[in-house]
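# Inside the fold
Each chain, letter by letter, is given below.
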Amino acid sequence: MPDTVHHVMWYTVYDAKTGDLIARGTSEMCAGRLGYKSANSFASASCHSRNGRRRARKYIFEKECIRRCEAELPPPRTRGKGRKKS
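Quick look at the structure, then. All of these numbers come straight from a predicted model, not from anything done at the bench.

Tracing the chain through its elements places Val-8 in strand β1 (residues 7-15). Residue classification places Val-8 among the buried positions, given a relative accessible area of 12%. Remark: the alpha-carbon pair of Val-8 and Ser-27, spanning 19 residues in sequence, is separated by 9.6 Å.

The structure is reproduced here in structure tokens:
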């Protein structure tokens, strides 16, 4: 399992019929671009499409793990550490 502090999953989405690039980015970025309700629903659709049981109908998904610094994303939020107590 990749370290989510230093790595992030990067998705590339192509149109299944034409092969044109539609979206590229994290699950949050792609979900917003493609109109999915949440990043989790996009990641689930990507996983189900990539398992190879069926031919791609609408989108072709590619997924890779890259370093967070390459994507120029801030570090993930942590729970409890760094919070100000009121």
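With that settled, consider the nonpolar core. Soluble globular proteins tend to pack their nonpolar side chains together in the buried interior. The biggest cluster of nonpolar side chains holds 9 residues, and these are Tyr-11, Val-13, Ala-23, Cys-30, Ala-31, Leu-34, Phe-42, Tyr-59 and Phe-61. Breaking this core down by element, the ones donating at least two residues are β1, α1 (27-34) and β3 (59-67). At 3 residues, α1 tops the list of elements feeding residues into this core. The residues touching Tyr-11, leaving out its near neighbours within four places in the chain, are Ala-23, Arg-24, Gly-25, Thr-26, Ser-27, Cys-30, Phe-42, Ala-43, Ser-46, Glu-62 and Lys-63.

Note: strands within a sheet are paired through backbone hydrogen bonds, in either parallel or antiparallel orientation. If you trace the 3 strands from one edge of the open sheet to the other, you get β2-β1-β3, paired in antiparallel fashion. Looking at the sheet topology across the chains shown, the edges are occupied by β2 (21-25) and β3. Strand-to-strand, the axes of this sheet are offset by a mean angle of 15°, without reference to chain direction. Along the sheet face, α1 touches β1, β2 and β3 and points at about 150° away from the line of β2. On top of the sheet, helix α2 (residues 39-50) reaches β1 and β3; it is set at about 110° to β3, its chief contact.

Cut-offs applied
- Residues numbered from 1 in each chain as written.
- Predicted model: local features only at pLDDT ≥ 70, side-chain atom pairs only at ≥ 80, totals over all residues.
- Heavy atoms only, no water.
- Helix = DSSP H or I, 4+ residues; strand = E, 2+ residues; numbered from the N terminus.
- Buried < 20%, exposed > 50% of the residue type's maximum accessible area, 1.4 Å probe, protein only.
- Core = buried A, V, L, I, M, F, W, Y, C linked by side-chain atoms within 4.5 Å.
- Contact = heavy atoms within 4.5 Å.
- Pairing = 2+ DSSP bridges.
- Axes fitted to C-alpha atoms, helices over the stretch in contact; angles between N-to-C directions.

Scope: geometric values only; no functional claims are made or implied.
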